[in-house]
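# Descriptive analysis of the structure
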Amino acid sequence: MIEKDFIPLAYQQEVNEAKITWKSPSNIALVKYWGKKANQIPANPSISFTLSACATTTTVEFEKKQNPSTDFDFDFFFEGRPKEDFKPKITAFFERTKAYLPFLESYYLKISSSNSFPHSSGIASSASGMAALALCLVDFERRLNPEISEAHFNRKASFLARLGSGSACRSIEGSLVQWGAHSGTKESSDLYGIRYTGEVHPNFNRFHDTILLVDKGQKQVSSTVGHGLMHDHPFSEQRFAQAHHNLSSLQSILASGDLKAFIQLVESEALTLHAMMMTSLPYFVLMKPNTLEIINRIWAFRQTSDTHLCFTLDAGANVHVLYPENEKKQVYRFIQDELLPFCEHGQHICDRIGFGAKKITTTLHT
Ligand code: PMV
């Protein structure tokens, strides 16, 4: 599919008012997206576990404007309160998506959002937030054009979410989502994420992700700036090639259930992501001393126990500890005893692999 396939045909139905709610999960990448071209086109393919507990719930109320204008007319509420400082981000999102959602300028939108995870926990809500908003918009469009197929609905939601925040395109479906053109994956696309349909060994069923909140402060360098620094990066070409190769290897690992190979690949991806940050110009470090302490303790515990936990990182200091369902008691006890002391106030989130976004409600007035 190409961009113009997401421009809808003329709308067939009239809807004056509607209220639509979706809940979208966050996701954690196993092969990382770091570096992008114009319009949020990734420089390399990535794959993620869709999460379950960390999610954003968004309600959009649509009301047809009496006097249509070419402005975007909306209000944004976060956890019940107006949040003006988030509006420019939404306006930019509407600007990028209006060609694909021509109804946008004809309606007033009241957008209300809340997160299941604590505010300013250092967990990015842009992936789950943009995915939930994109789903509400596509769902509304489905009322105007009821013929949209389920497959097109999911693709369009992912396509739009990508225009809001790249990794958000992996927060529509579950439980593994791949994004970015990859020679070994039919149907893969730079434009949207696809549900991973390759074989997945039962070792990965109900996989756990305990997120350790090491540093809840504002990041010194945003993802947008970090992606940009990959442009003139001395190692970018090797890194992008490596991501393609790692994705192919991970597909075999997912099928075979080889947990040792999984650990090696996932940890190497996390450290490579941070190595790219440390070797860009300007260079920067997002890990904190406690991030390294946790990593070292994970390695030491793995050597002395017969467990298969590993870590991954996103663009921050927090650590995601991944482990299989059948080791959960032993690993969680270790996390409580040895890792929580390195988290801010012992804070952590027990999450696990999830099944994608869920529609909560729709009310319509035609
Ligand atoms: O979606 P963005 O622009 O916030 O970038 C996310 C990048 C990483 O989280 C570091 C990696 C990934 O693939 O999610």
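Presented here is a report on the structure given in the accompanying data block. (Residues numbered from 1 in each chain as written. Predicted model: local features only at pLDDT ≥ 70, side-chain atom pairs only at ≥ 80, totals over all residues. Heavy atoms only, no water.)

With that settled, consider the overall build of the chain. When you go through the chain residue by residue, the secondary structure sums to eight helices and 14 strands. If you line up the chain on its principal axes, its C-alpha atoms span 70 × 45 × 45 Å. In the chain, which comprises 366 residues, the share counted as buried stands at 53%. Accessible area for the chain stands at about 16,200 Å²; split by element, carbon and sulfur atoms hold 50% of it. Considering the chain, the positive charge centre built from 37 side chains and the negative charge centre built from 38 side chains are found 2 Å apart. (Helix = DSSP H or I, 4+ residues; strand = E, 2+ residues; numbered from the N terminus. Buried < 20%, exposed > 50% of the residue type's maximum accessible area, 1.4 Å probe, protein only. Areas by Shrake-Rupley, 256 points an atom, 1.4 Å probe, with all protein chains shown as cover. Lys, Arg positive; Asp, Glu negative; His and termini not counted. Charge placed at Lys NZ, Arg CZ, Asp CG, Glu CD.)

Ranked by size, the top nonpolar core spans 46 residues in total, and within it Phe62, Phe94, Phe103, Leu109, Ile111, Leu137 and Phe140 carry the most contacts. For this core, the secondary structure elements donating two or more residues are β1 (17-31), β4 (46-64), β5 (73-78), α1 (87-97), β7 (107-115), α2 (126-144) and α3 (150-164). Looking at this core, the element that brings in the most residues is α2, giving 11 residues. For Phe140, the contacting residues outside a window of four places in its chain are Val15, Ala18, Ile20, Phe62, Phe103 and Tyr107. Grouped together as the second largest cluster of nonpolar side chains are 29 residues, Leu30, Phe117, Ile263 and Ile353 included. (Core = buried A, V, L, I, M, F, W, Y, C linked by side-chain atoms within 4.5 Å. Contact = heavy atoms within 4.5 Å.)

If you check which residues of α1 are buried, you get Lys87, Ile90, Phe93, Phe94 and Thr97. For α1, the arc enclosing every buried residue in end-on projection is 120°, short of the 170-degree limit, so these residues lie on one face. Residues of α1 that are buried in the fold lie against β5, β7, α2 and α3. (Arc of directions from axis to C-beta.)

Our focus in this paragraph is the pairing of β5. Taking every second residue as pointing to the same face, the buried face of β5 carries Phe74, Phe76 and Phe78, while none of Asp73, Asp75 and Phe77 on the other face is buried. Where β5 meets β7, six bridges bridge the pair, whose relative direction is parallel. Paired with Asp73 across the two strands is Tyr108, which belongs to β7. Here β5 pairs with strand β6 (residues 81-82) via two bridges, running antiparallel. Note on β6: the bridge partner recorded for Phe77 is Pro82. Remark: two residues form the turn of the hairpin made by β5 and β6, two consecutive strands paired antiparallel; Glu79 in that turn has positive phi of roughly 50°. (Pairing = 2+ DSSP bridges.)

This part takes up the pairing of strand β10 (residues 208-212). Counting buried positions along β10 yields five of five residues, so the element is predominantly enclosed. Here β10 shows two buried faces, one formed by His208, Thr210 and Leu212 and the other by Asp209 and Ile211. With five bridges connecting them, β10 and strand β12 (residues 319-323) associate as antiparallel partners. From the neighbouring strand, Thr210 faces β12, where its bridge partner is Val321. Bridge count between β10 and strand β13 (residues 348-352): five bridges; the pairing is antiparallel. In the strand pairing of β13, Thr210 is matched with Cys350.

This part is about the pattern of salt bridges. Taken as a whole, this structure holds 18 salt bridges when the rule is applied. For the salt bridge of Glu267 with Arg302, the shortest nitrogen-to-oxygen distance reads 2.7 Å. In this pair, Glu267 is assigned in helix α6 (residues 259-278) and Arg302 in helix α7 (residues 289-304), connecting sequence segments 35 residues apart. The class of Glu267 is buried, set by a relative accessible area of 6%. Beyond isolated ion pairs, a larger network of salt bridges with shared partners links Asp139, Arg142, Arg143, Glu150 and Lys359. (Salt bridge = Lys/Arg side-chain N within 4 Å of Asp/Glu carboxyl O.)

A word on the packing of α2 against α3. Angle between the axes and distance between the axes: these two values describe a pair of packed helices. Relative to each other, α2 and α3 sit at 135°, their axes nearing to 8 Å. The angle between α2 and α3 places the two elements in the oblique class. At the point where α2 passes α3, the crossing takes the right-handed sense. Contacts from Met130, Ala131, Ala134, Leu135, Val138, Asp139, Glu141 and Arg142 of α2 reach α3 at Glu150, Phe153, Lys156, Ala157, Leu160, Ala161 and Gly164. (Axes fitted to C-alpha atoms, helices over the stretch in contact; angles between N-to-C directions. Parallel < 35°, antiparallel > 145°, perpendicular 65-115°, else oblique. Left-handed = near helix turned anticlockwise from the far one by under 90°.)

As a further point, take unusual backbone geometry. Across the junction of Gly174 and Ser175, the peptide omega takes the value -10°, indicating a cis bond. Along the polypeptide, Ser175 turns up in the loop between α3 and β8 (176-179). Of note, the amide linkage connecting Leu281 to Pro282 takes the cis form, showing an omega dihedral of 0°. Along the chain, Pro282 falls in the loop between α6 and α7. We note that Glu187 has phi near 75°; this positive angle belongs to a residue other than glycine. Following the sequence through the fold, Glu187 ends up in the loop between β8 and β9 (193-195). A positive phi angle is found at Arg206, which is not glycine, with a value near 55°. Here Arg206 shows up in the loop between β9 and β10. Classification of Arg206 by relative accessible area gives partly exposed; the value is 46%.

Spatial relationships are all this shows, so hold off on functional conclusions.
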